[in-house]
Amino acid sequence: MKKFALTLILALATILAVNADVLYLNEGEEIVGHLKAIENGKISFAELNHGERVLSESEVAHILISKIRKGDDIDNVASLTDPVAQGILKNLPDPSLFKDADYVTLYRLNDLEYLSDNKIVVKTREIIQILKEPGLEMANQSFYYYTEREKCELEFAHTYSPEGHVFHVTDDAISDESLLSGTPEYARLKKFKMALKKVDIGSIIDYSFSRELSDVDEIHPFSLANTFGEREPVLHEELSVTFPAGMEINKVQMQWPQENPPKFHEKVQNGKKFWTWIFSDPKGFIPEQNMLPRSRIFPRVVFYQPYDWAKISKKLTEVYNEARPTDALLDDFIARLKLTSEMSSYQKVCKIYEAINRDIRDVGMGIPQMGSFKPVSANVTLQKKYGNTQSNLALFHFALKKLGIVSYPGFCSDKRELVTAKDHSSLALIDSTLLKIIIDGKPFYTDGGSIYQPFSFVPTYLQGTNATFHDADNGKFFNETLPVQTSEWNRFDRTVMVKIKENGTMDVQESLLYRGPYESGIRELKSIKEKEKQNYAERRVKGVHPSAVLQSFGLSDMSDLSGPAVLTLKYSIPEAAQLTSDKIMTFTNFWVNYDSGSASLATRTYPMQYWATEENTQTIIFEMPENFNWVNWNRQYQHISPDLVFMSNINQNGRQLIYSDRFIAHTDEFLTDAAYQNYRQCILTMSELANQWIILEKSDLKPETASSTSEVKEGKD
Amino acid sequence: MKNILKTSLLCLLCFLALANTGNSAVITLSDGSTQEADSLTYKNDKAVMLIGSESAEIERNSIKNISFTARQQEKEAMATDSADLQAFMPKALELQKKYPDAQSILVSEESNNQHRADGSNLSRYRSISYIAKEEALWAAEVSVSFDPNRERVKVLHARCLHPDGSVHNLQPEQIKISKGTSGSVYFDQYQELSFTIPEVAVGSIIDYCYETEEYNPFDPNLFQGRNYFQWSDPVGESILRVSVPSGKELHYVAYNCPPELGKPEKVNAVDSIIYTWKMADLAPVIPEPSMPPYRDVVPAVYYSLHKDFTYVHNKLKPMFEKRFQLTDSVKKKVEELIEGAKDLNEKIARLYLFCQKEIRYISIKGNLASNQVGHPAEETLKNRYGDCTDKGMLLATMLKHIGVEAYPVGVRTNDSGRAVRDISIFDDNHCITEVHLDGRVFYLDSTATDYRYPYFRSDDHDTIADNTMLGTRNQVPLPPPEDNAIHIIRKIQLAADGTTRIDFESTQNGTSEASFRESARNLKPEEYEKEIRESVAALTADYVLEIATHSDPLDFDNQFKARSAYTLNRFATKSGRYMIFSVPYFELAFSEVSLEKRRYDIQYSTSRLRTDSVEIKLPSNFSVKYLPPALRVQSQYVEFEIIYDQQGDTINITRKLAFPRRVIPAADYQSFKSDLEKIAHSSKQKIFLEEEAGETTSETASATAPAATASASQPVETEGERE
């Protein structure tokens, strides 16, 4: 243990917060010090290190007053009276114990108390020692809080220097900021930020703030999820929950390890129940490529106040009814869609979907940011032309109802989340909104989509997730697992025709078909100018080969969201093939670019996630010059398993050399070592193929009529 | 107490005040609410406000700000007369026909800027734009930033015209004033007025107009501004009017304007002179890779009351001097830092490093002084934070103590366009330190975090530094490519089965070195190794990594080095008796020459150099069938040479690529493109080996098994291929 320098205390240059007022003169100068008095048009201001000045009010634009917070009157560590800080500073661990750490969290407290079933107070305190330069970032703190329902107060923010001085945050380095003021119905969040003073390597920062959240109920539910374990060491983390003993609070503990689990304590005292988890991890963890979220790996506690689903339904029905647009506005909206009786229900639904995405600007505030499941009125959405996903889907729901098409507002979380409303009766465990629509008896789902996605595409982060839908007519909820439709949604197909000339030049025609998540990227081209599209295509072919020259390009109608999104490119690549002699020509398959960077680890410590299930196919047809034949690889590159399939072959047929491959990922999580090794083997096979060169050899003989890989090996030999 | 106040006052009003009424004040409370007092006294940490006939007392801790210049203002009804708006629809449709692919069209834009005889300033801005595509709907949201202690903003009208002729007006209560958001390291006193124009849809016209009155300017003789006439969407008409009192001269410069349009129409009004620039039918700017910033390519007018910088320098110089104070604590810190330094350069290097590393970047702005000059050196040192002006000031002050003449100087970073120096306007966006030593002037930038002395940030290169204290402007030079270099050495052992062992070493300097240092110090050793693994595995997942390390990124006495050693099993492709080998990470690509033609110059951040030295040991039973030819390219913009040399069983490759210039004019694009394409093409060329007849390749004849031979005593200066 290294003793903190308690003895070096006599401060010569300590800045107290009381000397941190800033006086701004009209002519542009500013003075730091302490406001003494304002009287009879005169301002007395004690300038730091320069004595008192008297100024006329007419000289001064304004004075920023720095608040004196708890402990701001203390300027040295020896004078600290707070027992927590005292105890920690007296028993500081030797920083050499954490030689690779950027900082060490000495103490963290999240102390939550339910004052009643609708009011919560959370006190947060952190004491952190900065050990390396990247750790200095911890001296800049910011957090968000609800504008209307939450009171937020910074109790204090101190820095303890290695020399034993104490410094305090000042209000010129504090900012309380509003988000989305221009769209007031969505201006529900504020951002509080601060920069702590005099933070060096070796300094300890200590700050505390409290938040009081009110009006908690079924529609404004609260939950807290805490994952123990992070990249940097934590010596003492304490999560504490207090609530009236008669109140029902549910807790979920998951991924509880055998070794070093958080210690849980429970007690009942004075009519209150206390839960406490205490955790310590002096090592931290080293993140791994594509690892599952921390919340799926490390010990985690989730707690929430359960509600009766029937009551939730009743309240949700009420708030949706309040959000219902006036008949006049809704009729006008539907009239503008120009729906006809010849249109099928599906076509009508697509029309509404496209109109909402086209006409209503998404402000990007999700339910967690709004802190409420009450949608903003559809009147606002229709008149002001902005909304968030929930209000847009609410409008969608109302319009469908008007047309007699059944739909259910729904809610869900990311597919990686395991604690969901399916098993826990609270909407607090939800962060996304959905709509389930029944068209001709078949279910379709949408998360609101975009102007670049067709109706009913479910984004990859929601594919396979548990969703909870509200059946308002029957006053109940029902749960479903959202579909995973690999081949239909997450798909990319490429066809390339390549004519190789004797001088190595290639004339190329390429066609790319995008489906699902890939579509947005290509459909965005509809919004840019023709010249920018040309530039895009030119850059794209240069990405295939630096010498490539675009001849022409084409796009399918990108505005037709139901139609295929296709890009075609015609280009030539001078000297694409390397002529190593008059009889040998060689090149890589420029369109096969698999790399194995994602399988860099021989073994993993943590489970791996893959972005989504998917299917991709490629066909590349080379037309070889006269009398040239392909030098057979004598090997095939294939990997077949239940989770992953990669199939490829290359075959000479007359003058044509035909390459094709297909990759299918049936799963998006590799939880065991065996599953990861299978992934790694597949990726290795693909990257080896990408590294393979194609050699064409000229002979005086007539070409073989059909030459294909004669020796077949599966995967790596 | 707050409750009493709240109930006793009239409702809080949203807008800011017009006039300074002497003893009156606007009090901002810690909860963000504001109170307007007819008079205010403050004593013993308590304020007493008189509001009408009532008085109220407030504790110091409940007050956030006391303003003597901000006054709240009653809501004003906005203009609803939209008679002139209808006439813009035909113009908009005509422009849309001409530019059918535009997302929106700025049909008309008018900026009127008036400098009044009393030194205050009034500007009025009107924008009329046509929404052609969904992507432009965001234009309905408008926000204006202002200083509430000096300016008031008044929205005159904001509305939307639909194709059917209906007009939808913004209502005053829909206008909000708040503290807007900014990045986590920025703190200032600005506020934001924001609103969303209702009913905006594709095919409609948005029309808004607001007025900003600077009623409390820092200086009644400082009046300046700028206007750009062209954007990424087409512009129908753009007008700039600037008015100054008769007797005051307006200086202006016009860039990228046709000569006839760069000169304003000048009209003598009753007591003022009005200058008008007017441009019409401007095509959209189509972005190109590595093009100069917009402001350097679009028509622009800059204006000021001052032709040269004397007035501004005289205004700011006392502020600089006040902050440039060598106090005891600054001296003490300098003494501590330079202790044991062997010479002056080492002392400078240590002070430079201290300001980079130990002064955290936090920007606190509030007044002309902190905006342009920063905070006193003493304050920055005590707080251990500051922005570019603060760091520039502190470093200059510290250097003063060791007898080195140095000054904080303003620059406009080269990624933000050329600074206007032909007339006097505030056009800098950054502050660095100008050092005068032994008759030489050079620059340091302590806003960076990882530069080894005397290197400095590349976006400062090739700019013009404005030195307020000396009243000079000097060119910040573009360093030679050797000052931003990466040197790579690879030793490669190739086995008969294609297995490849690579020993890689790189050294850097300048910006490249800083970038490597920053990246290395942000990773823990295990994370660094994982990153190298990812990089190697991208070549093949069948690899063995022996070494992945680097020199200490915090050792600024020595050049940063990285080294790695790894084996790629069966990496070189074999087909029949042939083997094809390419040096990993040897290919070069130049996205800046991806377009067939360019309209705009190519602009790099700075010059650069890369050298490669590769030694390849061939397997014993293979002969070289083909070696790529040497290539040499020499122009004023790029210098390149690659030589392949076979000596027995060894192939040596030496390659050098240098870009000595920062800007390649569009006129020279084709030759530059051709040069880079030749270079890129040559980098794709492979070495072709042939197995000698009669020999057979043993699958076991691979390169040295790395895990077995890696010696624990091998030097630890290594790294993977992170180029």
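About the criteria used
- Residues numbered from 1 in each chain as written.
- Chains lettered and ligands numbered in written order.
- Predicted model: local features only at pLDDT ≥ 70, side-chain atom pairs only at ≥ 80, totals over all residues.
- Heavy atoms only, no water.
- Helix = DSSP H or I, 4+ residues; strand = E, 2+ residues; numbered from the N terminus.
- Contact = heavy atoms within 4.5 Å.
- Areas by Shrake-Rupley, 256 points an atom, 1.4 Å probe, with all protein chains shown as cover.
- Buried < 20%, exposed > 50% of the residue type's maximum accessible area, 1.4 Å probe, protein only.
- Pairing = 2+ DSSP bridges.
- Axes fitted to C-alpha atoms, helices over the stretch in contact; angles between N-to-C directions.
- pLDDT = per-residue confidence, 0-100.
- Buried area = accessible area lost by both parts, 1.4 Å probe.
- Salt bridge = Lys/Arg side-chain N within 4 Å of Asp/Glu carboxyl O.
- Polar contact = N/O pair within 3.5 Å; in protein donor to acceptor, adjacent residues only side chain to side chain.
- Nonpolar A, V, L, I, M, F, W, Y, C, P; charged D, E, K, R; others polar.
- Core = buried A, V, L, I, M, F, W, Y, C linked by side-chain atoms within 4.5 Å.
- Parallel < 35°, antiparallel > 145°, perpendicular 65-115°, else oblique.
- Disulfide = S-S within 2.5 Å.
- Phe/Tyr/Trp six-rings, centres within 6.5 Å; stacked < 30°, edge-to-face > 60°.
- Lys NZ or Arg CZ within 6 Å of the ring centre and 35° of its normal.

1. Digging into the overall build of chain B
When helices and strands are tallied, chain B shows 13 helices and 43 strands. Overall, the C-alpha framework of chain B stretches about 110 × 70 × 55 Å when taken along its three principal axes. For chain B, long-range pairs separated by at least 24 residues make up 75% of all intrachain contacts whose partners lie at least 6 apart in sequence. Summing over all exposed atoms, chain B offers an accessible surface of approximately 28200 Å²; the carbon and sulfur share of this is 49%.

2. Describing unusual backbone geometry
The peptide bond linking Tyr453(B) to Pro454(B) adopts the cis configuration, its omega dihedral lying at 5°. Position of Pro454(B) relative to the elements: it lies in the loop between β27 (440–444) and β28 (463–467). The backbone phi angle of Lys198(A) is positive, close to 50°, even though this residue is not glycine. Considering the arrangement of structural elements, one finds Lys198(A) in the loop between β12 (189–195) and β13 (204–213). The phi angle at Asn290(A) is positive, at roughly 55°, despite the residue not being glycine. Examined against the element boundaries, Asn290(A) turns out to sit in the loop between β18 (272–281) and β19 (300–304). Classification of Asn290(A) as partly exposed rests on a relative accessible area of 36%.

3. Focus on the sheet that holds strand β17 (residues 263–269) of chain A
Residue and element names in this part refer to chain A. With mixed pairing, 8 strands are arranged side by side in an open sheet as β10-β9-β13-β7-β6-β15-β18-β17. Lying at the two open borders of the sheet, with one neighbouring strand each, are β10 (166–168) and β17. Neighbour to neighbour, the strand axes of the sheet diverge by 15° on average, direction disregarded. On the sheet, helix α1 (residues 83–90) packs against β6 (103–116), β7 (119–130), β9 (150–160) and β13 and is oriented at approximately 25° with respect to β7.

4. Description of the confidence of the model for chain A
All names here are of chain A. Residues with a pLDDT of 70 or more make up 95% of chain A, whose mean pLDDT is 93. Counting contacts from residues 1–17, a segment whose pLDDT is below 50, to residues more than four positions away or on other chains yields 56 contacts. Segment residues 703–717: pLDDT under 50, and 44 contacts once partners within four positions in sequence are set aside and those in other chains are kept.

5. Remarks on the interface of chain B and chain A
Between chain B and chain A, the contact holds 121 residues from the first and 124 residues from the second. Summed over both partners, the interface of chain B with chain A buries about 10400 Å², with 51% contributed by carbon and sulfur atoms. Between chain B and chain A we count 17 salt bridges in total. Residue Asp21(A) is joined to Arg60(B) by a salt bridge in which the shortest nitrogen-to-oxygen separation is 2.7 Å. Taken together, the links from chain B to chain A amount to 67 residue pairs in polar contact (both at pLDDT 80 or more). Looking at which element gives the most residues to the side of chain B that touches chain A, the answer is helix α11 (residues 525–537) of chain B, with 7 residues. By residue class, the composition of the side of chain B that touches chain A is 42 nonpolar, 38 polar and 41 charged. Judged from the 3 bridges that link them, strand β5 (residues 60–64) of chain A and strand β6 (residues 63–67) of chain B form a sheet pairing that is antiparallel. If you follow Leu64(A) over to β6(B), its bridge partner there is Asn65(B).

6. Some words on the environment of Arg294(A)
Residues and elements named next belong to chain A. As for its position among the elements, Arg294 is in the loop between β18 and β19. For the pair Arg294 and Thr227, spaced 67 residues apart in sequence, the C-alpha to C-alpha distance is 7.1 Å. Leave out the neighbours within four places in its chain, and Arg294 touches Thr227, Gly229, Glu230, Gln255 and Phe285. From its side chain, Arg294 meets the backbone oxygen of Gly229 in a polar contact 2.8 Å long.

7. Side note on the nonpolar core
Residues and elements named next belong to chain A. Formed by 70 residues in total, the largest nonpolar core has its most connected members in Tyr114, Phe303, Phe333 and Phe396. Here this core gets 7 residues from one element, more than from any other, and that element is helix α7 (residues 389–403). Residue contacts for Phe333: discarding those within four places in its chain leaves Ile352, Ala355, Ile356, Leu382, Leu395 and Ala399. If you look at the next biggest cluster of nonpolar residues, it comprises 59 residues, including Leu567, Phe622, Leu644 and Tyr679.

8. As for the sheet that holds strand β32 (residues 584–588) of chain A
Residue and element names in this part refer to chain A. Spatially, β31-β32-β40-β35 is the arrangement adopted by the 4 strands of the open sheet, whose pairing is antiparallel. Each edge of the sheet is formed by a strand with only one pairing partner; in this case those strands are β31 (578–581) and β35 (628–630). When strand polarity is set aside, the average angle formed by the axes of neighbouring strands in this sheet is 30°. Judged from the 5 bridges that link them, β32 and strand β40 (residues 693–698) form a sheet pairing that is antiparallel. Looking across to β40, one finds that Phe587 is bridged to Ile694.

9. Some thoughts on the packing of helix α3 (residues 327–336) of chain A against α7(A)
Residues and elements named next belong to chain A. Where α3 contacts α7, the two axes come as close as 11 Å, and the packing angle between them is 80°. Comparing the axis directions of α3 and α7 gives the class roughly perpendicular. In this structure, α3 uses Asp327, Leu330, Asp331, Phe333 and Ile334 to contact α7, whose residues at the interface are Leu395, Phe398, Ala399, Lys402 and Leu403. In terms of residue class, the contact of α3 with α7 is made up of 7 nonpolar, no polar and 3 charged.

10. Considerations on the packing of helix α5 (residues 328–338) of chain B against helix α9 (residues 388–401) of chain B
Residues and elements named next belong to chain B. It is at 9 Å that the axes of α5 and α9 come closest, and there the two elements cross at 70°. Between α5 and α9, the angle falls in the class roughly perpendicular. Contacts between α5 and α9 pair Val330, Lys331, Lys333, Val334, Glu335 and Leu337 from the former with Thr397, Met398 and His401 from the latter.

11. Quick notes on the pattern of salt bridges
Applying the stated criterion across every chain, the model contains 112 salt bridges over all chains. Here Glu230(A) ties to Arg108(A) by a salt bridge, and the two come within 3.0 Å at their closest N and O atoms. Placement of Glu230(A) in the loop between β14 (223–227) and β15 (234–244) and of Arg108(A) in strand β6 is noted, with a sequence separation of 122 residues between them. Members of the salt-bridge network, linked through shared partners, are Glu29(A), Glu47(A), Arg53(A), Lys322(B) and Arg323(B).

12. Thoughts on the state of the cysteines
All names here are of chain B. Using the criterion set out here, one finds 0 disulfides over all chains in the structure. Free cysteine: Cys431, not disulfide-bonded; nearest cysteine sulfur from Cys388 at 5.5 Å. Residue classification places Cys431 among the buried residues on the basis of a relative accessible area of 7%.

13. Concerning the packing of aromatic side chains
Counted according to the given criterion, the structure contains 59 aromatic pairs over all chains. Pairing Phe298(A) with Tyr606(A) gives two aromatic rings, centres 5.5 Å apart and planes at 70°, and the pair type is edge-to-face. A residue pair is termed long-range when its members are at least 10 positions apart, and Phe298(A) in the loop between β18 and β19 and Tyr606(A) in the loop between β32 and β33 (608–609) qualify at 308 residues. Of the two residues, Phe298(A) and Tyr606(A), both sit in the buried class. Centroid distance Tyr125(B) to Tyr210(B): 5.8 Å. Interplanar angle 50°. Geometry classified as tilted. Pair noted here: Tyr125(B) is in strand β8 (residues 121–131) and Tyr210(B) is in strand β15 (residues 205–214), with a separation of 85 residues, a long-range link. Relative accessible area serves as the criterion here: at 19%, Tyr125(B) is assigned to the buried category. Residue classification places Tyr210(B) among the buried residues on the basis of a relative accessible area of 17%. Site record: aromatic cluster; members linked through ring pairs are Phe243(A), Phe264(A), Trp275(A), Trp277(A) and Phe303(A). Against the face of Phe274(A) rests Lys267(A), its NZ or CZ located 5.2 Å from the ring centre.

14. A look at the environment of His158(A)
Residues and elements named next belong to chain A. As for its position among the elements, His158 is in strand β9. Of the residues examined, His158 reaches a relative accessible area of 5% and is grouped as buried. Linking His158 and Arg491, residues 333 residues apart in sequence, is a C-alpha distance of 54 Å. Those residues in contact with His158 that sit more than four places away from it in its chain are Lys70, Gly71, Asp72, Val166, Phe167, His168, Leu196, Ile204, Ile205 and Asp206. At 3.0 Å, the side chain of His158 and the backbone oxygen of Lys70 are in polar contact. Polar side-chain contacts of His158 include one of 2.9 Å to the side chain of His168.

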